[in-house]
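Here are the chains, one letter per residue:
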Amino acid sequence: MSGSSAGGNSHMDQWKKIDSRTWKWSVELPLSARLHLPVEDGRIFDSGAPIGFTWGGFPRASCVGVESSEGVRLLSIRDKRRGNLNVAAVRGEQRLRLDWTWSLKLSQGTVSADNPPERNEQFFPTLSDAWMEHRRWIDEVFPVNRSRYPEWVNDIPACVMIEMWTGSRHIKHRYEDLKRLIADMRSAQIPRHTLLVFWGWHAPYDTRYPEYWPAEELGGESAFAELADAARDAGYHLVPHTNHWGCDGTLPLFQKFKDDQLRDEHGDRLGWRVEGEPPIEYIRPTSDAWREVLTERLRKLTGRFGIDTVFIDQIGFYYDDPVADVEAGARQLADQLHKACPGVAFMGEMFHDRSRFLPIYQMWGVPWCGLPVQEQLAHSDMLGRLFGGSVVMIGHEGMPAAVPVRDCWPSYYDYVNHHGMKEAARRAHAWHLDTGVVPTARVNYNEYGLDSKSIAILLGNRI
């Protein structure tokens with residue numbers, strides 16, 4: 001039904017060429033329309049936004065749902081070329097406007113951008129029908145082979161998040177503390193197959209990548225082995241934090257890979273550069289030697305301690321390196337890890353249309369991640385509708401906690417400062433439940449134990 005209209009006198013412009021690689025498409029819509037945008041955690045943009053307000057960014061799915069009294073229009077970009085896609089909604093005085101910008105990635109070399117991206121417009125009676133259609137297209141073009149994942153990933157009931165060694169070099173928890181936490185989880189009857197995600201476990205957080213091995217300062221190999229045994233006995237899954245391109249520039253290993261460091265279009269080296277936080281150098285995942293280093297180190301870690309889940313940070317972020325197809329490199333890494341570590345369920349960050357090649361992903365969005373609070377925009381459940389079932393969604397490391405965690409990093413406070421700690425935790429958990437995210441609690445065990453609010457969250461109860 002491509003080409004039918006909804007939304008009351010919508011005006012669809014054609015693609016316009018901006019430069020040799022970039023196209024733009026603008027759609028004007030009446031103020032009565034409600035736009036479901038898959039940006040960050042998924043939001044609804046309508047006439048309630050202030051006049052002149054613009055909101056958007058990288059879309060997690062290449063579609064927008066437009067609600068009106070006539071039904072739902074699904075607007076989508078369905079081009080298979082690798083490009084940078086941005087979508088933004090603008091609140092005008094008399095109309096809403098939706099701007100799509102698509103740019104062919106620099107790494108695509110001789111691929112032509114002479115033709116505009118393929119777009120699709122379809123009309124449906126309900127949002128559910130629209131999301132079902134886009135999900136059908138995603139599964140067809142970017143299929144997921146779930147047969148190579150362990151069956152228990154479909155039964156994950158809850159997730160606990162905890163920091164061990166901060167980026168500011170304060171030890172908050174040791175392996176023996178996590179072992180005690182597991183005992184308390186069992187006493188509270190937290191179900192089997194619950195995940196226990198922990199960061200700063202091999203060194204101060206975001207340092208000494210990729211030296212993934214138990215730290216002596218936290219108890220060493222023997223204490224880590226005891227922790228792994230305790231988790232297996234309880235039926236829980238330990239999830240140590242790693243990073244798919246992170247390298248500590250102070251390590252001798254960095255000298256081997258510095259010529260393969262990720263770069264932007266100007267040739268500048270890319271990495272994590274935030275004041276007060278440890279710097280991270282990003283190595284191109286297209287480097288065969290780099291993928292071999294990561295694969296071997298994680299094969300050794302999971303094999304030695306029987307770890308069956310590993311978190312791979314930032315693997316869904318596709319920078320536009322002029323000479324490195326980052327998306328291809330990330331997929332190659334995932335394939336190598338699955339082959340080298342059979343039975344291990346790898347977890348990623350930032351799932352979207354093209355990044356569903358791991359079985360579990362952390363949810364990423366406004367209640368965390370240091371993004372500006374956008375409480376004038378209502379949440380949409382579209383991400384859960386589009387991706388639920390193809391990936392298991394859990395909370396993010398920076399999510400609000402039911403107890404104070406301000407000394408623990410990463411923890412971004414805009415959302416907590418806006419709502420207050422208790423209300424921020426309540427809203428985050430409610431949003432998880434409403435969008436199909438596994439109930440996730442961030443704990444500060446040594447100061448507050450396994451607190452009653454976290455227990456309620458992990459049991460799937462409203463707080």
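For the structure itself, consult the block above.
**Q** Please set out the packing of aromatic side chains residue by residue, giving values where relevant.
**A** With the rule as written, the count across this model stands at 19 aromatic pairs. Plain terms: the ring middles of Phe224 and Phe305 are 4.9 Å apart, the flat faces sit at 80° to each other, and that makes the pair edge-to-face. You can see Phe224 sitting in helix α3 (residues 220-234) and its partner Phe305 sitting in helix α5 (residues 288-305), a full 81 residues away along the chain. What makes Phe305 buried here is its relative accessible area of 3%.

**Q** Give me the pairing of strand β3 (residues 22-30): which residues, what numbers.
**A** Burial analysis of β3 places seven of its nine residues in the buried class, which makes it a mostly covered element. When strand β2 (residues 16-17) meets β3, the two strands line up antiparallel, connected through two bridges. Bridge pairing in β3 links Lys16 to Lys24. Hairpin remark: β2 followed by β3, antiparallel, with four residues in the connecting loop. Relative to strand β10 (residues 95-104), β3 runs antiparallel, the two being bridged by nine bridges. Its bridge partner lying in β10, Lys24 is registered against Thr101.

**Q** Help me get a handle on the sheet that holds strand β19 (residues 345-349), residues and values and all.
**A** The parallel open sheet is built from eight strands, whose spatial order is β22-β20-β19-β18-β14-β13-β12-β23. Edge positions in the sheet fall to β22 (392-394) and β23 (440-442), since each of these pairs with one other strand and no more. For this sheet the average axis-to-axis angle between neighbouring strands, irrespective of direction, equals 25°. Sheet topology note: the strand β14 (residues 237-243)/strand β18 (residues 309-313) ladder contains three bridges and is parallel. Directly across from His241, in β18, lies its bridge partner Phe311.

**Q** Now, about the layout of surface pockets: what can you tell me, with residues and values included?
**A** Empty space within the largest pocket amounts to approximately 980 Å³. Elements represented by at least two residues in the lining of the largest pocket include exactly β9 (83-91), β17 (280-282) and β18. If one sorts the elements of the lining of the largest pocket by residue count, β9 sits on top with four residues. Per-class residue counts for the lining of the largest pocket are 23 nonpolar, 11 polar and 13 charged. Volume-wise, the second largest pocket comes out at about 180 Å³.

**Q** Can you lay out unusual backbone geometry for me, pointing to particular residues and giving the numbers?
**A** Glycine aside, negative phi is the norm for most residues, and most peptide bonds take the trans geometry. With an omega of 5°, the peptide bond running from Tyr209 to Pro210 counts as cis. Examined against the element boundaries, Pro210 turns out to sit in the loop between β13 (195-199) and α3. Notably, Asp206 is not glycine yet its phi reads approximately 65°, a positive angle. Here Asp206 is to be found in the loop between β13 and α3. Residue Met350 is not a glycine yet carries a positive backbone phi of 70°.

**Q** Account for the sheet that holds strand β7 (residues 63-68), with residues named and values stated.
**A** Strand order in the open sheet made by the six strands is β11-β8-β7-β4-β5-β21, with antiparallel pairing throughout. Looking at the sheet topology across the chains shown, the edges are occupied by β11 (119-124) and β21 (378-379). Here strand β4 (residues 34-37) pairs with strand β5 (residues 43-45) via three bridges, running antiparallel. Across the sheet, the residue bridging to Leu37 is Arg43, located in β5. In this fold helix α1 (residues 127-141) packs onto β4, β7, β8 (71-77) and β11, with an angle of close to 20° to the strand it touches most, β8.

Rules and cut-offs
- Residues numbered from 1 in each chain as written.
- Predicted model: local features only at pLDDT ≥ 70, side-chain atom pairs only at ≥ 80, totals over all residues.
- Heavy atoms only, no water.
- Phe/Tyr/Trp six-rings, centres within 6.5 Å; stacked < 30°, edge-to-face > 60°.
- Helix = DSSP H or I, 4+ residues; strand = E, 2+ residues; numbered from the N terminus.
- Buried < 20%, exposed > 50% of the residue type's maximum accessible area, 1.4 Å probe, protein only.
- Pairing = 2+ DSSP bridges.
- Axes fitted to C-alpha atoms, helices over the stretch in contact; angles between N-to-C directions.
- 1 Å grid on protein atoms, 1.4 Å probe; cavity = no way out; pocket = protein on both sides within 12 Å on 5 of 7 lines; lining within 4 Å.
- Points joined across faces, edges and corners; volume = space filled by probe spheres on them.
- Nonpolar A, V, L, I, M, F, W, Y, C, P; charged D, E, K, R; others polar.
- Contact = heavy atoms within 4.5 Å.

Functional significance is not addressed by these values, which are geometric in nature.
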